[in-house]
Amino acid sequence: MYSWHSNEEIQKYIAENLNTDLHLLLLKKSKFPDVSMQEIVQQIKGKQVAQKKFQFLLKDGIIFPPQLSLEQSSSDKTAVYKSQLLKGEKFLDLTSGFGIDAYYLSENFNDITLVEQNPELLKIVEHNWAVLGKKAKFINQKLEDFLTQNTESFDVIYLDPARRDHQKNKVFLLEDLSPNILEIQDNLLSISMQVVIKLSPLIDLKYLVYVLKNISRIDIIAVKNDVKEILVFLSKNHLGEIICNCVNLESEENAYSFEINAEKNASAEYSEPQRFIYIPNNTILKAGVFNLISEKFQIKKLHSNTHLYTSEYEINNFPGRVFEMEVVEAKEIKKKEQFNIISKNHPLKPEDIKKKYQLKDGGNRYLIFTQSKKGKIILKSL
């Protein structure tokens, strides 16, 4: 398989065409008799993705799989974060795919098993791990068959279920994933003390708590305020509260942790805008802890449906952005001025606002169009 991957001339050709239009490249005839242009383009695409998502694979001898497997792989940023949470003797990845998560998550384990039903993909991973000097047991088998035949126990089991149905449509409910997590959760907990499941950022947290057993922890993981995944930890003997962690990687914001039921008993205070305005990051918005944030940081909400907060004095360690702002009238906004425009709980979208007030986008100043309990307001950064 891919016997040409070490051919220096082919590798040089791939390197020289990393910025070439791949659609045009596919129309050309391959310069190499034993290698198709489709195979070459697949490797170029792989290197392009690796430059952004997993730079540790930018190494001579690495083979990249087809586009879909690349798209479904975690970035090294989220994988490194997860690797810091897990350790033990025996690690099992039941849906190894291209093996990015497995590579990092298994760093603190001595015995590593990777299960993957796609034989060609597993061969690629096995080859790459040999290049990287990393050892594992590679098992080409359907997850369900492996679980039926398995007699071992593991310290940690990891799954990243496929989130597309047979028609390639995206699915989110656990019973629609492959594998069906609800059907196998008891089996998984019978052979491991801890099961870690990576899920879509669109999954509903209340739904997870309702349908899954033995949840000990839920992590909402964002990179630069873009929520990438939900990580669910099932612990065999856990009976206590579920802890939720909101983590915004590649930011200066601290992680925010809370008990999953705390929002039910929290209450927010309300106020018209004071000197400082707080915008929660997207992990907080995903968690839905709108009253808890008000209570925890002693900041006041502007409106029940406006997830903006305010205080007279600046609060440190807030998980989001903080602006010093003032309320302005619409007539005070001059045409052609430059602002970053934010619309929260307001009928006009940023594009509509920019057009209506003839504003330029960008710069260092901000305008927030929103509502307080008294009605629509405009806030301008100082």
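Residues numbered from 1 in each chain as written. Predicted model: local features only at pLDDT ≥ 70, side-chain atom pairs only at ≥ 80, totals over all residues. Heavy atoms only, no water.

Asks: How should the overall build of the protein be read in this particular structure?
Replies: Looking only at helices and strands, one finds 14 helices and 16 strands in the protein. In the protein, the share of contacts with a sequence separation of at least 24, taken over all contacts with a separation of at least 6, comes to 64%. Of the roughly 19,800 Å² that the protein leaves accessible, carbon and sulfur atoms contribute 45%. Computing the positive centroid from 51 side-chain charges and the negative centroid from 50, the protein places the two 6 Å apart. (Helix = DSSP H or I, 4+ residues; strand = E, 2+ residues; numbered from the N terminus. Contact = heavy atoms within 4.5 Å. Areas by Shrake-Rupley, 256 points an atom, 1.4 Å probe, with all protein chains shown as cover. Lys, Arg positive; Asp, Glu negative; His and termini not counted. Charge placed at Lys NZ, Arg CZ, Asp CG, Glu CD.)

Asks: I'm lost on the packing of aromatic side chains in this one. Help?
Replies: For any pair of aromatic rings, geometry is given as the distance between the ring centres together with the angle between the planes. For the structure on display, the rule yields 15 aromatic pairs. Centroid distance Phe-56 to Tyr-104: 5.1 Å. Interplanar angle 80 degrees. Geometry classified as edge-to-face. You can see Phe-56 sitting in the loop between α3 (37-53) and α4 (67-72) and its partner Tyr-104 sitting in helix α6 (residues 100-105), a full 48 residues away along the chain. The exposure class assigned to Tyr-104 is buried, which follows from its relative accessible area of 10%. With 5.6 Å between their ring centres and 45 degrees between their planes, Tyr-357 and Phe-369 make a pair best called tilted. Here Tyr-357, found in helix α14 (residues 350-357), pairs with Phe-369, found in strand β15 (residues 360-372); they are 12 residues apart in sequence, far enough to count as distant. Sitting over the face of the ring of Phe-233, Arg-217 holds its NZ or CZ atom 5.0 Å from the ring centroid. (Phe/Tyr/Trp six-rings, centres within 6.5 Å; stacked < 30°, edge-to-face > 60°. Buried < 20%, exposed > 50% of the residue type's maximum accessible area, 1.4 Å probe, protein only. Lys NZ or Arg CZ within 6 Å of the ring centre and 35° of its normal.)

Asks: I would appreciate a short explanation of the side chain of Ser-96 in the present structure.
Replies: Here Ser-96 lies in the loop between β1 (90-93) and α6. For Ser-96, a relative accessible area of 6% puts it in the buried group. If near-sequence neighbours (up to four positions away) are discounted, Ser-96 is found in contact with Leu-114, Val-115, Glu-116 and Leu-122.

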